[in-house]
Amino acid sequence: MSKRSTTRIAAALLGGAVALSCASVVQADTGEIVPIEQVQGTGASSPMVGAQATVRGVVTGAYADGGIRGFYVQTPGTGGQVPTEGSPAIFIYAPDDVSSVQVGDYVQVSGNVSEYYGLTQIKAEEVTHLDEPAESVKPLAVSLPSGDEAREQIESMLVEPQGDFTVSDNYSLNQYGELSLAQGTSSILPGEKLLRQPTDVFAPNSAQVKALAAENEERAIVVDDGATLNFSTAKNTSVALPYIDAKQRVTVGAKATFTGPMILDYRYDLWRLQPQGQVIGAEDADIALNFEQISTQAPESVGGNVSVGSFNVLNYFTTTGDQLEGCTYYRDRDGNPLTVRSG
């Protein structure tokens, strides 16, 4: 199955354990331990979709709250180099058992193998804690590869991204708790660290636009918060936004520096880096990167003698609707009315 064939809306509506794949199905597991690498396989989807499998691994990330409802396991002792026989890590969908595990546990998991919108997973039917010693997992220190095929090779692994990263988009940070980074600089626009809109610099439908769009996709990676919460809904307004607060900013153009490992994940049609636990607020222990704090005193001078001004007329109202019969209005996280919503 193509990594690009699904949508955020469909995934959110259907929940966490749907098997979608064109891969062949192997015979059901007989109870023997199957290497995680064998479950993952070397293609876009698992060769064991629809089969039962029993795997063992060290827990590298666990998410009891926030909507992910599962944990990641990785083969003990792996991570020192890029695998050649399939990724040694996998996501375990275990809403009933995730609260009983924590990072570092050595566990055995039995369940059904599936592809959840491009992410290989096992829907746990039994989770057993193992007392025997297990070699620790090593974070894979690499420059993040570009393209689905190369990233599929290290799907769900604990990674320590190498190289330079720049915040390229923070639009969804206050809604879904995610932001986008750009890796390195553009080869098409020398020195450009951000992911420029292709038609901002080239003519629409030109070869240069297509080339820059493809490069942007290869350089982009989403940093997630270990949750699937929508912070714009009333039930989640009491949860502190991840990565930011009144003093800690995440600004487009700021340098992002990794200080610890994260897990390479695939959700909602995009490759992501998940923390090892849900991030709540700007001081959470699971935050694995620092953001450059850029001064906002004044814009940098770009030369020239023309100034451009703009005004958002969509919010050009003298009331918020709270005093008008039949009107509803948007609220901020404290419940204060902001502007007319309908009516």
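First, a word on what this report is: a plain description of the structure on this page.

About the cut-offs
- Residues numbered from 1 in each chain as written.
- Predicted model: local features only at pLDDT ≥ 70, side-chain atom pairs only at ≥ 80, totals over all residues.
- Heavy atoms only, no water.
- Phe/Tyr/Trp six-rings, centres within 6.5 Å; stacked < 30°, edge-to-face > 60°.
- Buried < 20%, exposed > 50% of the residue type's maximum accessible area, 1.4 Å probe, protein only.
- Helix = DSSP H or I, 4+ residues; strand = E, 2+ residues; numbered from the N terminus.
- Salt bridge = Lys/Arg side-chain N within 4 Å of Asp/Glu carboxyl O.
- Pairing = 2+ DSSP bridges.
- Axes fitted to C-alpha atoms, helices over the stretch in contact; angles between N-to-C directions.
- 1 Å grid on protein atoms, 1.4 Å probe; cavity = no way out; pocket = protein on both sides within 12 Å on 5 of 7 lines; lining within 4 Å.
- Points joined across faces, edges and corners; volume = space filled by probe spheres on them.
- Nonpolar A, V, L, I, M, F, W, Y, C, P; charged D, E, K, R; others polar.
- Contact = heavy atoms within 4.5 Å.

1. Here we look at the packing of aromatic side chains
Phase 1: This model, assessed by the stated rule, comprises six aromatic pairs.
Phase 2: On the basis of an interplanar angle of 90 degrees and a centroid distance of 6.0 Å, the ring pair of tyrosine 63 and tyrosine 72 is categorised as edge-to-face.
Phase 3: According to the relative accessible area criterion, tyrosine 63 is buried, its value standing at 1%.
Phase 4: With a centroid separation of 5.2 Å and an interplanar angle of 80 degrees, the aromatic rings of phenylalanine 165 and phenylalanine 258 are classed as edge-to-face. Of this pair, phenylalanine 165 sits in strand S7 (residues 165-169) while phenylalanine 258 is found in strand S10 (residues 255-258), placing the two residues 93 residues apart along the sequence.
Phase 5: Linked through ring pairs, Tyr63, Tyr72 and Phe91 together constitute an aromatic cluster.

2. A closer look at the pattern of salt bridges
Phase 1: Applying the stated rule across the entire model yields seven salt bridges.
Phase 2: Put simply, glutamate 132 and arginine 56 hold a salt bridge, and the shortest N to O gap is 3.5 Å. Note that glutamate 132 is positioned in the loop between strand S5 (119-129) and helix H3 (148-152) and arginine 56 in strand S1 (residues 52-63), a separation of 76 residues in sequence.
Phase 3: Glutamate 132 gets classed as partly exposed once you look at its relative accessible area, which sits at 41%.
Phase 4: With a relative accessible area of 27%, arginine 56 lands in the partly exposed category.
Phase 5: Measuring nitrogen to oxygen at the nearest pair gives 2.9 Å for the salt bridge that ties aspartate 224 to arginine 272. With a gap of 48 residues between them, aspartate 224 in the loop between strand S9 (220-223) and S10 and arginine 272 in strand S12 (residues 270-274) connect regions that are remote in the sequence.
Phase 6: Note on arginine 272: relative accessible area 0%, which makes it buried.
Phase 7: It is possible to trace a salt-bridge network through shared partners that takes in Glu178, Asp224 and Arg272.

3. Some thoughts on the sheet that holds strand S2 (residues 70-74)
Phase 1: Strand order in this closed barrel of five strands is S1-S2-S3-S5-S4, and the pairing throughout is mixed. Each neighbouring strand pair of the sheet contributes to a mean axis angle of 55 degrees, computed without reference to strand direction.
Phase 2: Two elements, S1 and strand S4 (residues 106-116), share seven bridges in a ladder whose sense is antiparallel. Residue pairing across strands places glutamine 52 opposite asparagine 112, the latter belonging to S4.

4. A short note on the layout of surface pockets
Phase 1: When its volume is computed, the largest pocket comes out at roughly 550 Å³.
Phase 2: Lining the largest pocket are 16 residues, with Phe231, Ser232, Thr233, Tyr330 and Arg331 sitting closest to its centre.
Phase 3: With three residues, the top contributor of residues to the lining of the largest pocket is strand S14 (residues 328-331).
Phase 4: A breakdown of the residues in the lining of the largest pocket according to their chemical character gives six nonpolar, six polar and four charged.

5. Digging into the sheet that holds strand S13 (residues 289-291)
Phase 1: Pairing is mixed across the open sheet formed by eight strands, whose spatial order is S6-S11-S12-S9-S8-S7-S10-S13. The two strands at the open ends of the sheet, each matched to only one other strand, are strand S6 (158-159) and S13.
Phase 2: Note: strand S8 (residues 179-183) against S9, four bridges, orientation antiparallel. Its bridge partner lying in S9, leucine 179 is registered against valine 223.
Phase 3: Against the sheet, helix H6 (residues 207-219) makes contact with S8 and S9, and its axis sits at roughly 40 degrees relative to S9, the strand it touches most.

Read these as spatial facts, not as claims about activity.
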